[in-house]
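In case you want the letters, here they are:
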Amino acid sequence: NLSIIIKKIHQLQLLHFDLKLENVIIDRYGLPTIIDFGFSCVLNINYLQYRPPDFELDNYYYDDLIGYRGTVNYIPLEIWDLDKKTTTRQHIGTWSDLYSLGILFYELLTNGSHPYGNEKYKDTFIQQVRDPNYLPKGIYNMNVPFEVRSLVLRMINKNYLFRPSIDEVLGTIK
């Protein structure tokens with residue numbers, strides 16, 4: 001299950017930063033595998049580091065990079081600086097991947113719908129995210145147990161403080 005894989009990635013002190021349907025493949029045994037760690041960062045107590053291939057880890061810091069990391073519709077909201085449309089390292093952690101995983105679960109449960117619409121353009125997405133009154137509606141139309149629906153909605157909460165831990169996710173979906 002994807003949640004177990006994410007827990008193992010986080011135990012390695014890594015953040016994937018690009019969880020989306022296109023980065024999950026199913027092997028010949030029907031088991032999911034997460035691919036494309038190109039945007040991943042090492043989570044350190046003091047800072048996040050970006051590690052491009054074949055470079056020394058200590059030479060690249062997440063907050064030195066310009067722009068966002070990941071695919072627009074899956075970027076955790078806490079890394080958007082909505083005024084400048086750039087990222088910040090403030091408030092980034094394992095819960096950031098949980099947001100993206102929640103978007104992925106939402107899409108799976110709603111036959112491909114995105115909670116903020118299926119727009120692929122950054123400005124449109126940011127406008128929808130800024131709307132404090134916007135609530136995802138598609139998941140209410142599915143025949144999904146209340147606990148699962150509630151979990152997914154918590155995972156995609158705009159405020160990372162209200163997101164569940166990976167252990168809560170695992171406990172709910174077992």
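Each value, and the rule that gives it
- Residues numbered from 1 in each chain as written.
- Predicted model: local features only at pLDDT ≥ 70, side-chain atom pairs only at ≥ 80, totals over all residues.
- Heavy atoms only, no water.
- Helix = DSSP H or I, 4+ residues; strand = E, 2+ residues; numbered from the N terminus.
- Buried < 20%, exposed > 50% of the residue type's maximum accessible area, 1.4 Å probe, protein only.
- Areas by Shrake-Rupley, 256 points an atom, 1.4 Å probe, with all protein chains shown as cover.
- Axes fitted to C-alpha atoms, helices over the stretch in contact; angles between N-to-C directions.
- Parallel < 35°, antiparallel > 145°, perpendicular 65-115°, else oblique.
- Left-handed = near helix turned anticlockwise from the far one by under 90°.
- Contact = heavy atoms within 4.5 Å.
- 1 Å grid on protein atoms, 1.4 Å probe; cavity = no way out; pocket = protein on both sides within 12 Å on 5 of 7 lines; lining within 4 Å.
- Points joined across faces, edges and corners; volume = space filled by probe spheres on them.
- Nonpolar A, V, L, I, M, F, W, Y, C, P; charged D, E, K, R; others polar.
- Arc of directions from axis to C-beta.
- Polar contact = N/O pair within 3.5 Å; in protein donor to acceptor, adjacent residues only side chain to side chain.
- Core = buried A, V, L, I, M, F, W, Y, C linked by side-chain atoms within 4.5 Å.
- Salt bridge = Lys/Arg side-chain N within 4 Å of Asp/Glu carboxyl O.

Another point: the overall build of the chain. Check the secondary structure of the chain and you find 5 helices and 7 strands. What you see in the chain, going N to C, is helices and strands ordered as α-β-β-β-β-β-β-β-α-α-α-α. Split into buried and exposed, the 174 residues of the chain put 40% on the buried side. Carbon and sulfur atoms make up 53% of the accessible area of the chain, which amounts to about 9,900 Å² in all.

This part takes up unusual backbone geometry. The general pattern is negative phi for most residues beyond glycine and trans for most peptide bonds. The phi angle at F17 is positive, at roughly 70°, despite the residue not being glycine. Counting through the fold element by element, F17 comes out in the loop between β1 (14-15) and β2 (24-26). Looking at F17, the relative accessible area reads 4%, which means it is buried. The backbone of D36 sits at a positive phi, close to 60°, despite the residue not being glycine. Tracing the backbone shows D36 in the loop between β3 (32-34) and β4 (41-43).

Moving on, we come to the packing of helix α1 (residues 2-11) against helix α2 (residues 94-109). It is at 11 Å that the axes of α1 and α2 come closest, and there the two elements cross at 165°. Judged on the interaxial angle alone, α2 and α1 are roughly antiparallel. Once α1 is placed against α2, the crossing between them reads as right-handed. Contact residues: L2, S3, I6 and H10 in α1; T94, D97, L101, L104 and F105 in α2.

All right, on to the layout of surface pockets then. As a volume, the largest pocket reaches approximately 190 Å³. Y116, P132, Y134, L135, P136, Y140, L153, I156, N157 and K158 together form the lining of the largest pocket. A breakdown of the residues in the lining of the largest pocket according to their chemical character gives 8 nonpolar, 1 polar and 1 charged.

Buried within α1 are the following residues: L2, S3, I6, I9 and H10. Down the axis of α1, the smallest arc covering the buried residues is 120°, so these residues share one side. Those residues of α1 hidden inside the fold are in contact with β1, β2, β3, α2 and α5 (166-173). The residue sitting at the N-terminus of α1 and contributing the capping side-chain oxygen is N1; that oxygen lies 2.7 Å from the backbone nitrogen of S3. Phi turns positive, to about 65°, at Q13, one or two residues after α1.

For the rest of this paragraph, the subject is the nonpolar core. If you look at the biggest cluster of nonpolar residues, it comprises 24 residues, and the most contacted ones within it are L2, I6, L101, F105, M155 and V169. Put simply, the parts of the chain that give this core at least two residues each are α1, α2, α4 (146-155) and α5. The residues contacting L2, other than those within four sequence positions of it, are V24, P32, I34, L101, L104 and F105. Residues L15, F17, C41 and I79 belong to the second largest nonpolar core, which totals 6 residues.

Structurally, S100 can be placed in helix α2. By relative accessible area, S100 is classed as buried at 2%. Not counting residues up to four positions away in its chain, the partners in contact with S100 are L19, Y74 and P76.

Take the pattern of salt bridges next. For the structure shown, the criterion picks out 3 salt bridges. K20 serves as the salt-bridge partner of D18, at 4.0 Å between the closest nitrogen and oxygen. Overall, the relative accessible area of 15% leaves K20 in the buried class. Measuring nitrogen to oxygen at the nearest pair gives 3.0 Å for the salt bridge that ties E168 to R154. Residue E168 is located in helix α5, and its partner R154 is located in helix α4; the two are separated by 14 residues in the primary sequence. According to the relative accessible area criterion, R154 is partly exposed, its value standing at 31%.

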